[in-house]
Amino acid sequence: MGRGAVRHRIRPAGEERRLTDDLRESRDLRLPKPPGFIRTFFARHPWLLDVMIAAVYSAPAAIFTLVVAARDVLGGGPIWPTAVAGYVTLLVTGALVFRRYVPHVTAGVSVAVFIASYALGTHFSPGLTWFPVIASLYALAVYRSSRAAWIWTAIASAAAVLCSIVVETDWITIVGFSFMWSMSLVIATLVGITFGNRRRYIQALLDRAWQLARERDQQAQIATAAERARIAREMHDIVAHSLTVIVALSDGAEASIDRSPDVAKEAVRQSASTARRALADMRRSLGVLTSDHVPAPGELAPQPGLSELPELIESYRSAGLPVRFTERGREPADPVTQLTVFRVVQEALTNALRYALEPTAVDVDLVYGDDRIRITVTDDGREAGRGAASVGSGSGLIGMRERVAVHGGSVTAGPVGTRGWRVTAEFDARGEVAR
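Notes on the structure in this doc start here. (Residues numbered from 1 in each chain as written. Predicted model: local features only at pLDDT ≥ 70, side-chain atom pairs only at ≥ 80, totals over all residues. Heavy atoms only, no water.)

**A closer look at the overall build of the protein**
Here comes step 1: Across its full length, the protein carries 14 helices and five strands.
Here comes step 2: Residues classed as buried in the protein amount to 39% of the 435 residues present.
Here comes step 3: For the protein, the proportion of contacts with a sequence separation of at least 24, taken over those separated by at least 6, is 73%.
Here comes step 4: Of the roughly 24400 Å² of accessible surface on the protein, 63% is carried by carbon and sulfur atoms. (Helix = DSSP H or I, 4+ residues; strand = E, 2+ residues; numbered from the N terminus. Buried < 20%, exposed > 50% of the residue type's maximum accessible area, 1.4 Å probe, protein only. Contact = heavy atoms within 4.5 Å. Areas by Shrake-Rupley, 256 points an atom, 1.4 Å probe, with all protein chains shown as cover.)

**What to know about the packing of aromatic side chains**
Here comes step 1: Tallied over the full model, the rule gives six aromatic pairs.
Here comes step 2: When the centroid spacing of 4.6 Å and the interplanar angle of 50° are considered together, the rings of Trp130 and Trp181 count as tilted. Placement of Trp130 in helix H7 (residues 126–143) and of Trp181 in helix H9 (residues 171–256) is noted, with a sequence separation of 51 residues between them.
Here comes step 3: For Trp130, a relative accessible area of 2% gives the class buried.
Here comes step 4: Accessibility expressed as a relative area gives 16% for Trp181, which makes it buried. (Phe/Tyr/Trp six-rings, centres within 6.5 Å; stacked < 30°, edge-to-face > 60°.)

**So, the sheet that holds strand S5 (residues 421–428)**
Here comes step 1: Spatial strand order, S1-S2-S3-S5-S4: five strands in an open sheet with mixed pairing. Only two strands of the sheet have a single partner each, and these edge strands are strand S1 (323–329) and strand S4 (410–415). In this sheet, adjacent strand axes meet at a mean angle of 10° when their direction is disregarded.
Here comes step 2: Two elements, strand S2 (residues 362–368) and strand S3 (residues 372–379), share seven bridges in a ladder whose sense is antiparallel. Considered in S3, the bridge of Asp365 is made with Thr376.
Here comes step 3: Helix-sheet contacts for helix H11 (residues 309–318) involve S1 and S2, and the interaxial angle to S1 is about 160°.
Here comes step 4: Relative to S3, helix H12 (residues 335–355) is tilted by about 15°, and along the sheet it contacts S1, S2, S3 and S5. (Pairing = 2+ DSSP bridges. Axes fitted to C-alpha atoms, helices over the stretch in contact; angles between N-to-C directions.)

**Quick look at the pattern of salt bridges**
Here comes step 1: A full pass over the atoms with the stated rule returns eight salt bridges.
Here comes step 2: Here Arg372 and Glu426 are joined by a salt bridge, their closest N and O atoms 3.9 Å apart. Linking Arg372 in strand S3 with Glu426 in strand S5, this pair joins segments that are 54 residues apart in sequence.
Here comes step 3: On the basis of relative accessible area, Arg372 is assigned to the partly exposed category, the value being 35%.
Here comes step 4: In this structure, the salt-bridge partner of Arg374 is Glu426, at a minimum N-O distance of 3.3 Å. Taken as a pair, Arg374 in strand S3 and Glu426 in strand S5 lie far apart in primary sequence, 52 residues in all. (Salt bridge = Lys/Arg side-chain N within 4 Å of Asp/Glu carboxyl O.)

**Here's the deal with the environment of Thr337**
Here comes step 1: Mapped onto the elements of the fold, Thr337 is located in helix H12.
Here comes step 2: Each C-alpha atom, one on Thr337 and one on Arg430, is 8.0 Å from the other, the two residues being 93 residues apart in sequence.

**Examining the pairing of S2**
Within a regular strand, the side chains alternate between the two sheet faces.
Here comes step 1: Across the two faces of S2 the burial differs, with Val362, Val364, Leu366 and Tyr368 buried and Asp363, Asp365 and Val367 not buried at all.
Here comes step 2: Pairing of S1 with S2 involves seven bridges; the strand directions are parallel. Directly across from Arg328, in S2, lies its bridge partner Val367.
Here comes step 3: With respect to chirality, the unit in which S1 leads through H12 into the neighbouring parallel S2 is left-handed. (Right-handed = clockwise from strand over helix to strand, strands pointing away.)

**Quick look at the packing of H11 against H12**
Pairs of packed helices are described in terms of their axes, by the angle between the two and the distance that separates them.
Here comes step 1: Look at H11 against H12: their axes get within 11 Å of each other, and the N-to-C directions meet at 5°. Put simply, H11 runs roughly parallel to H12. In this structure, H11 uses Leu309, Leu312, Ile313 and Tyr316 to contact H12, whose residues at the interface are Val341, Phe342, Val345, Gln346, Leu349, Thr350 and Leu353.
Here comes step 2: Per-class residue counts for the contact of H11 with H12 are nine nonpolar, two polar and no charged. (Parallel < 35°, antiparallel > 145°, perpendicular 65-115°, else oblique. Nonpolar A, V, L, I, M, F, W, Y, C, P; charged D, E, K, R; others polar.)

Structure representation (structure tokens):
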């Protein structure tokens, strides 16, 4: 453990609650079971342990005070030193109960009482007053820091040496007493530092485990959101394209049913064909969402690519959109890149069919370079259609930008002069996915 972790200040109340929760729910994190039933029990009931430690001091101290009081009463001595000793015993007992919350106060009270035990003579037992000092040093090391524990160890040792010099006259006794008590303080501090460091290390491991669990859940949520966005893009491409073509064909069939029945019949036939193809695409896309779905042989088909572009463009032409298609360069072999090109052209033509008013030409220009692919779709429709209120969700352009961004590219869309609209997409032609 680093020094910074050893000096980290921990609030005991919150620490106990967190440690209790961590011990209770460690099975969910698949952590090793905490050793020892007794340790786990007292970790869940810290107040019980504090009261027991206070009782270790208060019970013998109370008995000693009562014995001294009886001696003073029977001997005719003053009673006030015994009364002071009783109040001091209550004070130290309360400090021990709250030692994990205010260890500095507990240490100060314990050292002061130890010094007072020599001032009041036989009304205090130095052996009993030394126990609160040891308990407070342990609490400082565990619940605060090793630095604070060493500082109070030095203070308590100096107080012990001073008291021995004042009370004792034999230097051998002074040296032996000072060494014995100083070593007991050092041992208590070292034990507290060992347990405190272990406690902080375990808490750091538990915090790290919780952090990893939260990151795992967040990554799962991000993956779920990304998958939902991908499915939403696919559904938008299928539904928007197909319904737009079907609506256009239906309007054309209605307009020509009286004067050109054959043309209307062909438009209805193409509308039905488009609807069947869209229904098959939706079944294929939605089928992967259910784990128990077993696709039929006819449902399995690759994603559309550049080979389906002529059929796509022809469907728009049959819907009344005057599309002119040109391509230059060598087509990419990567199926993901082909799907991106197909979807961008599909979305751009769908927008032209929906929003362009009275277009005379819609130019689709594909340039396959060695490093970059450039797609340009331009129509000369009047702008009034795009200025009118739209029932679209805006997912089309967003979906295009997301698809192209995966390949490290960008999409721009906007008006061309006083009439027309242009969509331009450019991205990596090598099939590399941006990360």
